[in-house]
Amino acid sequence: MLKNKTILITGSSSGIGAATARLAKGYGANVILHGREESEKLKALAKELNCEYIFCDVADKASVELAVANVLIKAKKIDILVNSAGIARVEEFLESTDELWLDVFKTNVLGTTHFCQAVIPQMQKNKYGRIVNIASVRGFNTGSGKPAYSASKAAIVNLTA
């Protein structure tokens, strides 16, 4: 199923992204990791999985476009994109700031959007592609003490549907 497919996984330095990378590699995929920065965790996972990695801030559209262009120079194609990059900030609704909301939405919603916009044209050209956007149960049900996170994940659910 994944054998010989190239899969780019955003936010794969840890958590769901790292677990997805390990599983994809186990199924024979050509995995490309992504992190916000060239961290030791990202480099260690790339070494463990014997795969390439990129790093950029998902909230910065130009950086995403450049990173994807560089992937395509080496890998020639991206068959599958998994948007796993995300942040969660714990805050009380009445004390939450615009800065916090914007930071969460720029990473969680615009980051997903930026990678989709950068990858989809190549998928269309190749007449093949799959995209998996990671949301959360919080996109359907808040009450977590993370209203900005919950709202951003609801946006991902609606973007993907």
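Heads up: these notes are all about the structure in this document. Everything numeric here is computed off the predicted structure, so don't read it as measured data.

Okay, the overall build of the chain next. Scanning the chain from N- to C-terminus turns up five helices and five strands. Whereas a compact globule of 161 residues would reach a radius of gyration of roughly 15 Å, the chain reaches 16 Å, a difference of no more than 12%. Here the C-alpha coordinates of the chain stretch approximately 50 × 35 × 30 Å along the principal axes. Every one of the 161 residues in the chain was classed for burial, and the buried ones make up 42%. A sequence separation of at least 24 residues applies to 61% of the contacts in the chain between residues at least 6 apart. Just so you have it, the chain exposes about 8900 Å², and 56% of that area is on carbon and sulfur atoms. Side chains of the chain carry 20 positive and 15 negative charges; the gap between the two charge centres is 13 Å.

Between its first and last C-alpha atoms helix α3 (residues 61–75) spans 21 Å; for 15 residues at 1.5 Å apiece the expected length is 21 Å, and the two agree. Considered for burial, the residues of α3 that qualify are Val-64, Ala-67, Val-68, Val-71 and Ala-75. Seen from one end, α3 has its buried residues packed into an arc of 95°, which puts them on one side. For α3, the exposed residues lying more than 90 degrees away from the buried face are Ala-62, Leu-66 and Ile-73. For α3, the secondary structure elements touched by its buried residues are β1 (6–10), β2 (30–35), β3 (52–55) and α4 (98–126). N-capping of α3 is provided by Asp-60, with a side-chain oxygen placed 3.2 Å from the backbone N of Ala-62. The positive-phi residue at the C-terminal boundary of α3 is Lys-76, with phi of around 75°.

On to the packing of aromatic side chains, then. Throughout the structure, instances matching the rule amount to two aromatic pairs. Judged by centre distance (6.4 Å) and plane angle (80°), the rings of Phe-93 and Trp-101 are edge-to-face. Centre to centre, the rings of Trp-101 and Phe-105 are 6.2 Å apart; their planes meet at 20°, and the pair counts as stacked. Placement of both Trp-101 and Phe-105 in helix α4 is noted, with a separation of four residues, approximately one turn of the helix. Note on Trp-101: relative accessible area 24%, which makes it partly exposed. A relative accessible area of 27% places Phe-105 in the partly exposed class. An aromatic cluster of three or more residues is present, and its members are Phe-93, Trp-101 and Phe-105. The ring of Tyr-128 has Lys-5 lying over it, and the distance from NZ or CZ to the ring centre is 4.2 Å. The ring of Tyr-149 carries the charged tip of Lys-146 above its face, separated from the ring centre by 5.8 Å.

Reading guide: rules and limits
Numbers given to residues run from 1 along each chain, matching the order in which its sequence is written. Per-residue local features are limited, in this predicted model, to residues with pLDDT of at least 70; the limit for side-chain atom pairs, both in listing and counting, is 80 or more; totals at the level of whole chains, interfaces and linings are taken over all residues. Note that water and hydrogens are dropped before the side-chain values are worked out from all heavy atoms of the structure. Going along the chain from the N terminus, every DSSP run of H or I of four or more residues is numbered as a helix, and every run of E of two or more is numbered as a strand. Radius of gyration here is computed from C-alpha atoms only, and the compact-globule reference equals 2.2 Å multiplied by the residue count raised to the power 0.38. Buried, partly exposed and exposed residues are distinguished by accessible area as a fraction of the type maximum, computed with a 1.4 Å probe on protein chains only: under 20%, between the cut-offs, and over 50%, respectively. Here a residue-residue contact requires only that any non-hydrogen atoms of the pair lie within 4.5 Å. Surface exposure here means Shrake-Rupley accessible area, sampled with a 1.4 Å probe, where a residue is shielded only by the protein chains that are shown. Residues scored as positive are Lys and Arg, those scored as negative are Asp and Glu, and His as well as the terminal groups of each chain are ignored. Lys charges are placed at NZ, Arg charges at CZ, Asp charges at CG and Glu charges at CD. By this rule the span expected of a helix is its residue count minus one, scaled by 1.5 Å. To be clear, the arc concerns the directions from the helix axis to the C-beta atoms. Two N or O atoms form a polar contact when they lie within 3.5 Å of each other; inside protein one atom must be a possible hydrogen donor and the other a possible acceptor, and for residues adjacent in sequence the pair counts only when both atoms belong to side chains. Note on aromatic pairs: the rings of Phe, Tyr and Trp (six-membered ring only in Trp) are paired at centre separations within 6.5 Å, and the planes decide the class, stacked below 30 degrees, edge-to-face beyond 60, tilted for the rest. For a ring to carry a charge above it, either NZ of a lysine or CZ of an arginine must fall within 6 Å of the ring centroid while also lying within 35 degrees of the normal to the ring plane.

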